[in-house]
Amino acid sequence: MYLGHFSLREPPFSITPDTDFYYPHEGVQASLNMLLVALRSGEGFVKVVGELGCGKTVLCRQLLKTLQDEFVTAYIPNPDMGPDDLLLALAEELNLPVEQPFNRHHMMTALAAFLVGHARAGRRVLVCIDEAQAIPVRTVESLRLLSNLETEKQKLLQMVLLGQPDLDDKLSRPEIRQLLQRITFSEYLGPMQARRVPVYLAHRLATAAISADTPVDVFMPRAAMAIAHYSGGVPRLINVLAHKCLMLAYGEDVSQVSVAHVHLAAKDTPGVMARAPWWLWLRPAWRMSNQDRQAIARRRAPAELAPEQETA
Ligand SMILES: Nc1ncnc2c1ncn2[C@@H]1O[C@H](COP(=O)(O)OP(=O)(O)OP(=O)(O)O)[C@@H](O)[C@H]1O
Ligand SMILES: [Mg+2]
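Reading guide: rules and limits
- Residues numbered from 1 in each chain as written.
- Chains lettered and ligands numbered in written order.
- Predicted model: local features only at pLDDT ≥ 70, side-chain atom pairs only at ≥ 80, totals over all residues.
- Domains from an automatic or database assignment.
- Contact = placed C-beta atoms within 7 Å.
- Nonpolar A, V, L, I, M, F, W, Y, C, P; charged D, E, K, R; others polar.
- Pairing = 2+ DSSP bridges.
- Helix = DSSP H or I, 4+ residues; strand = E, 2+ residues; numbered from the N terminus.
- Axes fitted to C-alpha atoms, helices over the stretch in contact; angles between N-to-C directions.
- Near = placed C-beta within 6 Å.
- Parallel < 35°, antiparallel > 145°, perpendicular 65-115°, else oblique.
- Left-handed = near helix turned anticlockwise from the far one by under 90°.
- Buried ≥ 20, exposed ≤ 12 C-beta atoms within 10 Å, placed from the backbone.
- Arc of directions from axis to C-beta.
- pLDDT = per-residue confidence, 0-100.

1. Some details on the domain arrangement of the protein chain
So, point 1. Under the domain assignment, the protein chain is made up of domain 1 (26–189) and domain 2 (194–303).
So, point 2. The centre of domain 1, based on its C-alpha atoms, is set 36 Å off from the matching centre of domain 2.
So, point 3. Taken together, the contacts link four residues of domain 1 with four residues of domain 2.
So, point 4. In terms of residue class, the side of domain 1 that touches domain 2 is made up of one nonpolar, two polar and one charged.

2. Concerning the sheet that holds strand β3 (residues 124–129)
Whether parallel or antiparallel, the strands of a sheet pair through hydrogen bonds between backbone atoms.
So, point 1. Strand order in the open sheet made by the five strands is β2-β3-β4-β1-β5, with parallel pairing throughout. Both edges of this open sheet fall to β2 (71–76) and β5 (185–189), since each of them pairs with a single strand only. Averaged over all neighbouring strand pairs, the angle between strand axes comes to 15 degrees, with direction disregarded.
So, point 2. Pairing geometry for strand β1 (residues 45–50) and β5, over five bridges, is parallel. Across the sheet, the residue bridging to V46 is F185, located in β5.
So, point 3. In the packing of helix α3 (residues 83–93) onto the sheet, the strands contacted are β2 and β3, and the crossing angle to β2 comes to about 135 degrees.

3. Re the site of ligand 1
So, point 1. Residues in close proximity to ligand 1 total 21 residues, the closest being Y23, G55, K56, T57 and P235.
So, point 2. Among the secondary structure elements, those contributing two or more residues to the shell around ligand 1 are α2 (56–67) and α10 (235–251).
So, point 3. Within the shell around ligand 1, the residues separate by chemical class into ten nonpolar, eight polar and three charged.
So, point 4. Counting contributing residues per domain, the shell around ligand 1 is built from domain 1 (26–189) and domain 2 (194–303), each supplying no fewer than three.

4. Focus: the packing of helix α9 (residues 221–231) against helix α11 (residues 259–267)
So, point 1. Two elements in contact, α9 and α11, have axes whose closest approach is 8 Å; the angle formed by their N-to-C orientations is 25 degrees. The angle between the axes of α9 and α11 places the two elements in the roughly parallel class. As for how α9 packs across α11, the hand of that crossing is right-handed. Judged by residue contacts, R222, A223, A226, I227 and Y230 of α9 engage V259, H261, V262, H263 and A266 from α11.
So, point 2. A breakdown of the residues in the contact of α9 with α11 according to their chemical character gives seven nonpolar, two polar and one charged.

5. Overview of the pairing of β1
So, point 1. Among the six residues of β1, six are classified as buried, and the element is accordingly described as predominantly covered.
So, point 2. Of the two faces of β1, the one holding F45, K47 and V49 and the one holding V46, V48 and G50 are both buried throughout.
So, point 3. As paired strands, β1 and strand β4 (residues 158–163) are joined by five bridges and run parallel to one another. What sits directly across from V46, in β4, is V160.

6. Quick notes on the environment of K267
So, point 1. Tracing the backbone shows K267 in helix α11.
So, point 2. Take K267: there are 11 C-beta atoms within 10 Å of it, and that puts it in the exposed class.
So, point 3. Separated by 234 residues in sequence, K267 and N33 place their C-alpha atoms 37 Å apart.

7. Overview of α3
So, point 1. Of all the positions in α3, only L86, L87 and L90 are classed as buried. End-on, the buried residues of α3 take up no more than an arc of 100 degrees, which puts them together on one face.
So, point 2. Note on α3: the residue one or two positions beyond its end, N95, has a positive phi of about 60 degrees.

8. Some thoughts on the confidence of the model for the protein chain
Low-confidence regions, as indicated by low pLDDT, have predicted coordinates that should not be scrutinised in detail.
So, point 1. Scored by pLDDT, the protein chain has a mean of 92; 96% of the residues are at 70 or more.
So, point 2. This stretch, residues 303–312, has a pLDDT under 50; its non-local contacts, to residues over four places away or in other chains, come to one contact.

9. A word on unusual backbone geometry
So, point 1. Backbone torsion omega between Q100 and P101 reads -10 degrees, so that peptide bond is classified as cis.
So, point 2. Residue placement: P101 occurs in the loop between α3 and α4 (104–120).
So, point 3. With a phi close to 55 degrees, S7 is a non-glycine residue in the positive phi region.
So, point 4. In this structure, S7 sits in the segment before α1 (26–40).

10. Topic: the packing of helix α8 (residues 197–208) against α9
So, point 1. Taken N-terminus to C-terminus, the directions of α8 and α9 make an angle of 105 degrees; their axes are 8 Å apart at the nearest point. The angle between the axes of α8 and α9 places the two elements in the roughly perpendicular class. For the pair α8 and α9, the contacting residues are V197, P198 and L201 in the first and P221, A224, I227 and A228 in the second.
So, point 2. Across the contact of α8 with α9, the residue classes break down as seven nonpolar, no polar and no charged.

11. Overview of the environment of V137
So, point 1. Its location among the elements puts V137 in helix α5 (residues 137–147).
So, point 2. For the pair V137 and K170, spaced 33 residues apart in sequence, the C-alpha to C-alpha distance is 7.9 Å.
So, point 3. If we ignore the near neighbours within four places in the chain, the residues touching V137 are R173, E175 and I176.

The following block contains the structure:
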């Protein structure tokens, strides 16, 4: 692979949702801030709907990471299951022992007692359900019952639902409208702004860099612009295109990615935008601001400082 060629420690454009690579572009950071404010102020039910590959899972993981010292947390990555399995998954995530044979009523009672115990000890409990558009309708009713668990003053279980736009269609179905009424905050996560793409590319390269000497301006300004165009700002598509471009540049033994590489990568990638008319490529290319450069430099600092900190 191209890691040595570009002086990288690990692949910079993997499509796994790794929070080490989290880039706080305006849209995702606004959603994260809203979630933090809502959950810290005790909101019971919050929803995030986002387009495919726009970073819902990364956002969810970043949220859980940020709140790990303040909340007892549970993460359900795939809720495509019946009501009993959802309760079992929740119990497992919260380390709540399950009585055998399983009985739904007993389980709900045990869960309520467990949550009251946490509330008395001043701990809040948060469950994040990813891919929430896949929750079967019959399981949604269980969620509603869980969201009913409360003391006179506070919710015992706070919930975040994250899903693709189908989630909104599902929640508007008459048989589960009751749940919709309980959702007090909703956020929408769309693609990142095109002018953020060059910074995103440099940010990921800096995160994966071997050292502070690793160049992060691997993508020529026009190549970054072309990636922004083809991907429509969808982070997963940006990653797929960027990875292919690095392979192409490596294959040609050059140190920078050009627009020609991006056109080739886009040809080979399903789901990208059609090629733009030639005159569009004549626009002035975006440059990174000094503030962006400083943020990227800070990003590399911890790795550089680590040995000194160890000896201190
Ligand atoms: N803010 C971000 N910072 C860094 N990387 C991001 C960000 N948003 C998305 N990505 C990257 O884009 C890719 C897709 O992100 P993710 O899996 O979170 O999207 P998703 O919305 O959950 O997708 P799906 O709709 O398929 O569930 C991942 O590689 C992820 O690391
Ligand atoms: Mg996801």
